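Observations on the three-dimensional arrangement
Now for the letters of each chain:
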Amino acid sequence: MSKLPVISGRECIKALEKIGFVVDRQRGSHVILVREDPRTTVSVPDHQELDRGTLRAIIRQVSLSIEEFNLLLRVR
């Protein structure tokens, strides 16, 4: 089992954009991303460091494993 990375909200947004998410809107420090196929909406806090539970919930909402998410972070 891979370890959950310690990343910022911006890094998380960049990783999600690689799998088809686009920034829809922002309210305060929360950025709302949407993907059309399959239709998914996820909220990512724009913080310097995401809590582990928050990041785990985001990964679960977009139907990825931690290993798949780590690969998205490494691919440039």
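Everything here concerns the structure above.
A short tour of the structure in this document, coming up. (Residues numbered from 1 in each chain as written. Predicted model: local features only at pLDDT ≥ 70, side-chain atom pairs only at ≥ 80, totals over all residues. Heavy atoms only, no water.)

1. So, the environment of Ala15
Along the chain, Ala15 turns up in helix H1 (residues 9-17). Separated by 35 residues in the primary sequence, Ala15 and Leu50 place their C-alpha atoms 14 Å from one another. Ignoring any residue separated from it by four or fewer positions in sequence, one finds Ala15 in contact with Phe69, Leu72 and Leu73. (Helix = DSSP H or I, 4+ residues; strand = E, 2+ residues; numbered from the N terminus. Contact = heavy atoms within 4.5 Å.)

2. A few points about the environment of Ile32
With respect to the helices, strands and loops of the structure, Ile32 is situated in strand E2 (residues 30-35). Separated by 11 residues in the primary sequence, Ile32 and Ser43 have C-alpha atoms spaced 4.5 Å apart. If near-sequence neighbours (up to four positions away) are discounted, Ile32 is found in contact with Val22, Val23, Asp24, Arg25, Thr41, Val42 and Ser43.

3. Observations regarding unusual backbone geometry
A cis amide bond, omega -5°, links Asp37 with the succeeding residue Pro38. As for its placement among the helices and strands, Pro38 is situated in the loop between E2 and strand E3 (40-45). For Ser63, which is not a glycine, the phi torsion comes out positive at approximately 60°. Along the chain, Ser63 falls in the loop between helix H2 (52-61) and helix H3 (66-74).

4. Topic: the side chain of Ser8
Residue position: Ser8 is located in the segment before H1. For Ser8, a relative accessible area of 15% puts it in the buried group. Those residues within four positions of Ser8 in sequence are excluded, and the remaining contacts are His47, Gln48, Glu49 and Leu50. (Buried < 20%, exposed > 50% of the residue type's maximum accessible area, 1.4 Å probe, protein only.)

5. A word on the side chain of Asn70
Mapped onto the secondary structure, Asn70 falls in helix H3. Owing to a relative accessible area of 9%, Asn70 belongs among the buried residues under this scheme. Beyond its immediate stretch of four places on either side in the chain, Asn70 contacts Ser2, Lys3 and Pro5.

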